[in-house]
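Notes for the structure review
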Amino acid sequence: MISNFKENVITCSNLNYRVNVRGSCFSLFSKPYEKLVLKSVNALFKNGTTAIMGPTGGGKSSLLDILADRKSTSGIEGTILMDGKERGLNFKSITGYVTQEDVIMGTLTVKENIMFSANMRLPSKLSKEIKKFMVEEVLDELGLTDVGDSRVGTEYLRGVSGGERKRTCIGMELIIRPSILFLDEPTSGLDSSTSYSVICLLNELAKKGRIVVLSIHQARYGIFKMIDNLLLLGNGSVIYHGPTENALPYFNSIGYQCEEFNNPADFFLDVINGDFDKTKSFIESSKEHNISISKAFEMSDRKSRFIKQRSDKLARLFEKSKYYARVVEEIHQRNASINQPSCKKIQYITSFTTQILHLSHRTMINSKRNPASMFAQIFVMILLSILNGLVYYHVENNISGLTNRVGSIFSTTLNMVFINLAAIELFIKEKPLFMHENTGRYYRVSSYFIAKFFCDIIPIRIFPAMVYGAIVYWMIGLHCNLASFFTFLAFCCLTSLTTCSLAFAISAGIKNFTLAQVTLAFLCVVMMIFSGFMVNLDSIKPYLQWIKWLSIVRYSFDGLLINELQNLTICQNYPFYRKQKFW
Ligand SMILES: Nc1ncnc2c1ncn2[C@@H]1O[C@H](COP(=O)(O)OP(=O)(O)OP(=O)(O)O)[C@@H](O)[C@H]1O
């Protein structure tokens with residue numbers, strides 16, 4: 001009988017999760033089929049550690065993401081409640097979620113990363129000193145004090161070890177002292193002893209009165225015995241859920257005996273995968289027929305179908321057990337009075353300006369420690385401007401000079417567009433970090449983009465464009481007038497900015513870097529064709545004419561042409577270009 005309901009508890013009742021799956025890329029236009037990833041999951045997560053275990057593809061990550069409210073609601077049926085209430089929109093701000101892939105800013109140190117999380121997710125009224133103290137405390141708690149000032153590391157920069165990186169990610173979540181912590185495969189990619197120390201740490205945190213839910217693929221015995229509760233999933237169904245120490249007696253009761261010295265975690269997987277029965281029968285048959293065990297294993301195909309049938313059978317057995325009855329009864333009692341969440345509006349802990357300030361600071365540190373992209377951009381722009389300047393050096397006021405002016409303007413426009421193809425990298429690499437932090441309510445989307453604009457786009461994209469414009473304008477000898485010069489610079493900057501925005505939009509929609517780059521290059525070439533320089537736009541087939549309205553190159557080229565030619569006289573008393581409406 002349950003006597004004390006004061007602790008936090010998350011319950012999920014009759015949870016089903018469906019996804020639409022398409023076959024190969026050749027069946028892009030074929031009808032997707034529906035897959036039931038989670039089937040009638042009833043589970044309860046209390047203070048302490050709960051491990052979601054099971055074979056690969058069993059639905060562990062899906063369940064964890066749904067519990068942590070990290071999945072869109074489409075395809076999800078059933079009820080998930082926290083302390084008998086709906087989780088509400090701010091559930092993500094009060095819970096910690098550590099992803100499998102360690103999304104973290106690698107150019108920052110361990111301490112800076114945790115401090116960033118503190119600045120974003122702790123109330124602004126806490127002083128800097130208190131936040132610093134809290135960060136030191138977390139570093140100490142996670143055993144990271146010695147590497148606090150080391151950079152985390154990127155693909156090009158060797159940083160802290162895998163375990164320290166994982167602990168830094170945990171630290172970024174722990175700084176808000178969440179009462180619930182979700183971790184997706186926290187031991188993946190770590191060696192056995194580092195995995196052990198990470199689980200020890202999670203166990204310590206759980207003992208301090210937290211719900212720690214982790215998905216884990218394989219656990220050695222030392223890790224397994226530290227876990228308080230177990231949820232075994234096979235093919236989306238619950239095979240066992242309850243205290244870890246009751247798992248072996250339960251499997252004994254349904255006819256599966258774990259051999260002496262066998263790791264229970266491996267034994268459960270063997271039972272779900274059917275390897276337990278197979279191993280026994282293969283050993284016997286290999287003795288009888290004198291065939292090798294490896295040969296016998298080769299004979300066992302159609303494994304996945306077998307696992308499905310096996311999981312369904314085990315799930316049906318579990319539904320008849322007293323452990324299942326206990327879970328269902330406890331869920332029922334805990335959810336006896338369901339209240340609506342108090343808050344129906346997303347709330348951020350910090351203000352808009354605080355978010356912009358800290359994001360800008362982080363972006364600047366990142367650029368400072370990774371200056372190659374900025375310097376490369378400026379260097380290339382200077383080279384191109386000198387080359388263009390020399391090619392069109394001091395244009396004359398005659399027909400040949402006019403051709404050169406138009407050519408130099410078109411080449412300037414193309415430089416501004418094509419040099420910014422690389423902007424696709426700016427967001428696509430940071431997207432997982434942005435998605436993780438935005439979902440975790442670190443900051444608003446608008447704060448991120450404003451900080452990105454001022455600290456990334458202006459120095460890396462706009463400043464080089466201005467340098468280019470300033471060099472090329474006077475070398476070519478374009479219209480000698482300050483207003484025209486500044487208009488020329490403004491057009492260079494706006495063209496760069498618009499191309500960057502297009503690159504951002506594409507990288508937001510396309511995950512694959514190469515595909516995103518090819519798409520942007522394709523669009524730029526189309527815009528170039530419809531610029532008005534290469535073909536008379538009026539002569540194009542009417543059904544293609546509309547494309548010109550979408551061409552950044554055309555707007556830029558026309559604007560620069562008007563700026564240059566409107567006051568130009570190339571034959572005596574004959575103004576070449578009269579002001580006219582050009583679209
Ligand atoms: N959005 C989706 N589209 C298609 N299939 C999906 C989707 N989400 C989950 N699945 C499928 O559902 C099953 C469970 O996936 P999930 O990632 O939850 O398993 P898992 O137990 O975490 O596996 P692993 O241990 O390999 O990470 C898999 O077969 C997966 O392919």
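Everything numeric here is computed off the predicted structure, so don't read it as measured data. (Residues numbered from 1 in each chain as written. Predicted model: local features only at pLDDT ≥ 70, side-chain atom pairs only at ≥ 80, totals over all residues. Heavy atoms only, no water.)

Topic: the overall build of the chain
Tallying secondary structure elements over the chain gives 23 helices and 12 strands in all. Across the 583 residues that make up the chain, the buried fraction comes to 51%. Counted over contacts in the chain with a minimum sequence separation of 6, partners at least 24 positions apart contribute 75%. Summing over all exposed atoms, the chain offers an accessible surface of approximately 28,700 Å²; the carbon and sulfur share of this is 58%. (Helix = DSSP H or I, 4+ residues; strand = E, 2+ residues; numbered from the N terminus. Buried < 20%, exposed > 50% of the residue type's maximum accessible area, 1.4 Å probe, protein only. Contact = heavy atoms within 4.5 Å. Areas by Shrake-Rupley, 256 points an atom, 1.4 Å probe, with all protein chains shown as cover.)

Re the confidence of the model for the chain
Parts of the prediction with low pLDDT should not have their coordinates interpreted in detail. Put simply, the chain has an average pLDDT of 85, and 88% of its residues get 70 or more. Interface confidence for the predicted complex, given as ipTM, is 0.95, next to a pTM of 0.80. (pLDDT = per-residue confidence, 0-100.)

Thoughts on helix H21 (residues 513–529)
In this model, H21 (17 residues) spans 25 Å end to end at C-alpha, consistent with the 24 Å of a helix rising 1.5 Å per residue. Of all the positions in H21, only Ala516, Leu520, Cys524, Met527 and Met528 are classed as buried. Axial view of H21: buried residues confined to an arc of 110°, hence all on one face. Along H21, exposed side chains directed more than 90 degrees from the buried face belong to Thr514, Val518 and Phe522. In this structure, the buried residues of H21 make contact with helix H16 (399–418), helix H17 (423–428), helix H20 (482–509) and helix H23 (552–565). The backbone nitrogen of Thr514 has a side-chain oxygen 3.0 Å away, supplied by the residue at the start of H21, namely Asn512. (Expected span 1.5 Å × (residues − 1). Arc of directions from axis to C-beta. Polar contact = N/O pair within 3.5 Å; in protein donor to acceptor, adjacent residues only side chain to side chain.)

Thoughts on the sheet that holds strand S8 (residues 211–216)
With mixed pairing, the 6 strands of this open sheet are ordered in space as S6-S7-S8-S3-S9-S10. A single partner strand is all that each edge strand has here, and the edge strands are strand S6 (95–98) and strand S10 (237–243). Here the strands of the sheet are splayed against their neighbours by 15° on average, with no regard to which way each runs. Strand direction decides the pairing type here: S6 and strand S7 (residues 180–184), joined by 4 bridges, are parallel. Directly across from Gly96, in S7, lies its bridge partner Leu181. Contacts from helix H1 (residues 60–67) reach strand S3 (48–53), S6, S7, S8 and strand S9 (229–234) within the one sheet, and its direction differs from that of S8 by about 155°. (Pairing = 2+ DSSP bridges. Axes fitted to C-alpha atoms, helices over the stretch in contact; angles between N-to-C directions.)

Overview of the nonpolar core
Of all hydrophobic cores here, the largest spans 140 residues; its most connected members are Ile10, Leu67, Ile170, Phe182, Leu202 and Phe251. Two domains share this core, each providing at least three of its residues, namely domain 1 (7–94 + 181–188 + 212–346) and domain 2 (352–565). Once residues within four sequence positions are removed from consideration, Phe251 is found in contact with Leu232, Ile239, Tyr240, Tyr256, Phe267, Phe268 and Val271. By size, the runner-up hydrophobic cluster in this structure holds 5 residues, among which are Val103, Leu108, Ile365 and Leu433. (Core = buried A, V, L, I, M, F, W, Y, C linked by side-chain atoms within 4.5 Å. Domains from an automatic or database assignment.)

A few points about the side chain of Ser484
Along the chain, Ser484 falls in helix H20. Judged by relative accessible area, which is 6%, Ser484 ranks as buried. In this structure, Ser484 is in contact with Tyr473, His479 and Asn563, ignoring residues within four places of it in sequence.

Looking at the site of the ligand
Around the ligand, a shell composed of 14 residues is seen, among which Lys35, Thr56, Lys60, Ser61 and Ser62 lie nearest. In the environment of the ligand, an oxygen atom lies 3.1 Å from a nitrogen or oxygen atom belonging to the backbone of Gly58. Separating an oxygen atom of the ligand from a side-chain N or O atom of Ser61 is a distance of 2.7 Å. Out of a free accessible area of 640 Å², the ligand has 65% covered by protein chains. Considering each element in turn, the shell around the ligand owes the most residues, 3 residues, to H1. (Near = heavy atom within 4 Å.)

Things to note about the packing of aromatic side chains
With the rule as written, the count across this model stands at 33 aromatic pairs. Ring geometry for Tyr240 and Phe318: centres 5.9 Å apart, planes at 65°, overall edge-to-face. Of the two residues, Tyr240 is situated in strand S10 and Phe318 in helix H12 (residues 303–319); the sequence distance between them amounts to 78 residues. Take Phe318: its relative accessible area is 2%, and that puts it in the buried class. Among the aromatic residues, ring-to-ring pairing joins Phe224, Tyr240, Tyr250, Phe251, Phe267, Phe268, Phe318, Tyr323 and Tyr324 into one connected group. (Phe/Tyr/Trp six-rings, centres within 6.5 Å; stacked < 30°, edge-to-face > 60°.)

Here's the deal with the sheet that holds strand S1 (residues 9–21)
Spatial ordering of the open sheet is given by S2-S1-S4-S5, a layout of 4 strands whose pairing is antiparallel. Taken across any chain shown, the strands that pair with only one partner, and hence form the sheet edges, are strand S2 (33–46) and strand S5 (85–86). Sheet topology places strand S4 (residues 76–82) next to S5; 2 bridges connect them, and they run antiparallel. What sits directly across from Met82, in S5, is Lys85. Against the sheet, helix H13 (residues 322–334) makes contact with S1 and S2, and its axis sits at roughly 75° relative to S2, the strand it touches most.

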